[in-house]
Amino acid sequence: MGEVAAQIPTSFGHELRACPRCRLVKTYDQIRDSGCENRHFFKIDEDPELIVDVTTLNFNGYDLIYHLPSFLILNLLGTVHKSSCAVMATLEKDLMFLILQFLDEKKHKETVHRLESESACYFNMLYFEELVAQGKWDEMEKYLSGFTKIEDNKQSMNIFFEIRKHKYLEALDKRDHAKALDIFFKDLKVFELETYNKDLFKEMSLLLTMDDLRANPKLSTYGDTTSGRGQLFRGLEKLIKANPLLRDKLQFPVLETSRLRTLIGQSLNWQHHLCKNAMPNPDIETLFVDHTCDQPITIFRPVPRATIPPSLLEWISNPAAILMGPQITSGHMENQTADSNNPLKRSRPSGTSQEVGNISPVPYSGQPHGRNTISLDEFPKVVVTTLAQGSRVTSMDFHPIQQILLLVGTIGGDVFLWDVGARQMISEKGFEVWKLDACSKELQASFNDDERASVNHVAWSPDGSLIGVAYSKNIVHIYSFDGGNDIRNHLEIEAHTGSVNHLAFSYPNEQLSVVTCGNDRLIKVWDAFTGAKRLTFEGHEAPVLSVCPDQKKNIQVILSTATDGEIKGWFYDDVGASVTYDAPGHSSTRMAFSSDRARLFSCGTNKEGESFLVEWKDGKGSIKRTYQGLGQRAVGIVQFDTTKNRFLAAGDESTIKIWDMNNTNLLTTIHADGGLPASPCVRFNKEGTLLAVSTSNHGVRILATDDGLKFLKTAENRTLATKVPGGGGGGGGFGSSSANAGITMADQSTSFAAMKKNEVRPLADGKPRTSNVSGEGYTKWKVTEITEPSQCYFLRLPDNVTDTKVSRLIYTNSGSGVLALASNAEHKLWKWQNSDPNLAGKATANTHPVLWKPKSGITMINETSDKNPEEAIPCLALLKDSYLVSASGGGISVFNMVTFKTAKTYMYPPSAHSLRFFLQM
């Protein structure tokens, strides 16, 4: 037997095969035409079809040493020893799957399927079934050709033959004999080989002479087009699964949502870790080059607004993490550092050294540790009153500041505003269109048949100055509320075609907006002051049930849920959904953040009546925990709410069920004196001291904690004297006078900008402000008197040095720390940490802060002047908690708040008396 000279393979991919005996790698065509030295042993000469059976696609470790140049041997050995997509390296194949996932999430369907075929990594059986069902024969063969050719093996030949045969039969069935003749000679003649029965082709040619192909006994059961294509696909599916070139490419790997984005975000995070001049807010403008932070510019230049494109900034913070909110880490406070609050420095690979600028807290001996025992007195369980509504309650919302004001929407289309403290209705409004002529013709026609509409959702704006109402017929009403009886019609928006299912307020680009969703499967963003439409998001395949806006730094996102159980996340600068995943059980669900926006929850019910209350894992789009205790056969969609950053409540089985956020087991059940519907609406006020729940007899029952009872008692004791022109009384409509409309509005001077992060600053005394209404009809505001020591809170900041006095004391901008400037020009920083008693990590008298110092021992000390030190006026100002500008009679110093290092010192002849930052608008 003579030696066969090895040929250099002329192509790579699915055609490349290896002989397991001589370990020679050649293409299928080369083995068929010239064989190998073992061709006689395997009897390939006698039956070429045996090539598939006696050769292999897996040539891991095979040697290519047959008369090949050395450089080609090395290249081939470096390529073909990996068996993923024939010669594609394993990581390259993984990358291809990640790209396919990314393109699919961005809804680039045509590109996805083209890449599937060209890469030959994944055969999409569902897409192939669609092509068969739609009779797209050319696209079907084009897609197949990326994975296999007609001549590759017997199974491939049968696949192409069955496709073309069915195309031929459909043309005959449509009496299109010219097309059938063209298919027969151009497409089917290539199969008229010895391997196919010539009698079969003769029989197929005779079909051209028949008026009805069913006259052939073998085709007498041929059905219609749809059933025929279904039968064709089932046959092709069996051939594909049996084909060795295709059967290993039918499964797509299980990947976390937006895995490619996550990897890029991790890469950018690591690049930022390596920056010599790491900035707290890195300016990332491109992915084309490695990221490095430039030298910081002088702090006294006018500071422009951040120019980081949101579409790029989302990569560095892990897009899903932006959608889901930051993760709360557990553990003792002593182990945390100042970098714990920096999202770019939270995770560092093990084994790497920490930067000098990292800060460790100085332990405080009196600092509490461990978990507090949960007391049932923390929950509102005492029934205070029941407020009659007239029809079934569909939605409720407490005022974010004046927490005794309750907004209620009903299925009858009525909206009520209640003073819970006074047990009185402030105002009532039935559904009516303000400007019918301005509505679409379709909406006008629907009102001719039925003028009624129900309230789907009511909501306050973050500062409590606007009221949003979503109706079951196209319309959204926005009312303005300035306190007292000043409730006016503000905007009427024909927002959607059909029902408007939900609305929420948000602050994209620092402008108050209203986000709506509806049965038309769309999400829209409207200007809250002009009513102009800003954005429209589309991509849901079912009615959109709810929207949940969120903001993390400069990134604004919207989470949306649909009735088919699909959840999507949208960035304001991107028209497509950035993440998509399914609600548990494909349930119709609604989502809500904890009060500190750090944790995301959802609750919903599917068509089978199964309900799911879950917390979502940060940055993963997957479920972190599923809470137990919901009924198995819920009626309607289970409503839920969160409170105190610690508890969840859901209306289920005619009760109110309570869970600790950190425990999946049901904590307690509140019956609220009975009479609740199967799935009642539930709503807490901001402090969690009051709870509103709907009743079966069309009412709202108010429950209170002990603190809530004191709160209501204070509200009841206020003096409300209202002079109404004309002597009218009773409950008035929105925009009308009312004897009961003199409800107080707490601290109307609260900064509007402070609400942009959905953070509302409560009153210092925790009690409502009251009003006296003079005879002239205007309102004078006054603060409720502090008469008991229990209304005051005291906290001593831990410090080992007590011989200096504090000259200036300010809160940090985040509200999580206190910064002091002492008389000796030294600065001290105390910070509150996330813990069970204080999950928000905000300044509070209930937990002790820790005194922060850098590991390097650096302290922030101002320069002082030797001339008249008693005349020096200390002053300081913070810029986004990143930089501190301070002076104690000498130079003006700029400190880095992360490292405590002095960035710059400016000397001015007159000493500074006051420092302020002015952000450029």
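Residues numbered from 1 in each chain as written. Predicted model: local features only at pLDDT ≥ 70, side-chain atom pairs only at ≥ 80, totals over all residues. Heavy atoms only, no water.

Peer 1: Would you mind going over the nonpolar core with me for this structure?
Peer 2: Inside soluble globular proteins, nonpolar side chains tend to come together where they are buried. Formed by 39 residues in total, the largest nonpolar core has its most connected members in Phe123, Phe128, Ile159, Ile163, Tyr168, Leu188 and Ile240. Taken together, the elements giving at least two residues each to this core come down to helix H6 (125-134), helix H7 (137-145), helix H8 (154-173), helix H9 (177-188), helix H10 (198-206) and helix H11 (225-242). For this core, the element with the highest residue contribution is H8, accounting for nine residues. The residues contacting Ile163, other than those within four sequence positions of it, are Phe128, Trp137, Met140, Glu141, Leu144 and Leu236. (Core = buried A, V, L, I, M, F, W, Y, C linked by side-chain atoms within 4.5 Å. Buried < 20%, exposed > 50% of the residue type's maximum accessible area, 1.4 Å probe, protein only. Helix = DSSP H or I, 4+ residues; strand = E, 2+ residues; numbered from the N terminus. Contact = heavy atoms within 4.5 Å.)

Peer 1: Honestly, the pattern of salt bridges in this entry has me stumped. Any pointers?
Peer 2: For side chains of opposite charge, pairing can occur when their charged atoms come near one another. Scanning the model with the defined rule gives 21 salt bridges in all. A salt bridge links Asp182 to Lys186, with the shortest nitrogen-to-oxygen separation between them at 3.3 Å. On the criterion of helical spacing, the pair formed by Asp182 and Lys186 is a turn pair, its members being four residues apart in helix H9. The class for Asp182 is partly exposed, based on a relative accessible area of 36%. In this structure Lys186 comes out as exposed when scored by relative accessible area, which is 58%. Here Arg259 makes a salt bridge to Glu256, at a shortest N to O gap of 3.8 Å. Overall, the relative accessible area of 24% leaves Arg259 in the partly exposed class. By relative accessible area, which is 37% here, Glu256 ends up partly exposed. Each member of the salt-bridge network shares a partner with another, and the members are Asp397, Asp641 and Arg683. (Salt bridge = Lys/Arg side-chain N within 4 Å of Asp/Glu carboxyl O.)

Peer 1: Can you walk me through a nonpolar patch on the surface in this structure?
Peer 2: Among the surface-exposed residues, Leu287, Phe288 and Val289 lie close enough to one another that they form a single nonpolar patch of about 360 Å² accessible area. Along the chain, Val289 turns up in the loop between helix H12 (259-273) and helix H13 (310-316). (Patch = residues over 30% accessible without salt bridge, like charges linked within 9 Å, V, L, I, M, F, W, Y side chains within 5 Å. Areas by Shrake-Rupley, 256 points an atom, 1.4 Å probe, with all protein chains shown as cover.)

Peer 1: Would you mind going over the packing of aromatic side chains with me for this structure?
Peer 2: Here a ring pair, both rings aromatic, is described through the centre-centre distance and the interplanar angle of the planes. Under the definition given, this model contains 18 aromatic pairs. The interplanar angle of 55 degrees and the centroid separation of 5.4 Å between the aromatic rings of Tyr143 and Phe147 together place this pair among those described as tilted. Note on Phe147: relative accessible area 0%, which makes it buried. A connected cluster of aromatic rings, assembled from ring pairs, spans Phe123, Tyr127, Phe128, Tyr143 and Phe147. Across the ring face of Trp852, the terminal group of Lys831 is positioned such that the distance to the ring centre comes to 5.5 Å. (Phe/Tyr/Trp six-rings, centres within 6.5 Å; stacked < 30°, edge-to-face > 60°. Lys NZ or Arg CZ within 6 Å of the ring centre and 35° of its normal.)

Peer 1: Mind showing me how you'd approach the sheet that holds strand S13 (residues 500-506) here?
Peer 2: Sheet strands associate in pairs through backbone hydrogen bonding, adopting either a parallel or an antiparallel arrangement. What the four strands build is an open sheet, ordered S13-S14-S15-S16; its pairing is antiparallel. In this open sheet, the two strands that pair with only one neighbour each are S13 and strand S16 (533-538). On average, each strand axis in the sheet is inclined to that of its neighbour by 20 degrees, with strand direction left out of account. Pairing of S13 with strand S14 (residues 513-518) involves six bridges; the strand directions are antiparallel. Counterpart to Phe505 in the pairing with S14 is Val514. (Pairing = 2+ DSSP bridges. Axes fitted to C-alpha atoms, helices over the stretch in contact; angles between N-to-C directions.)

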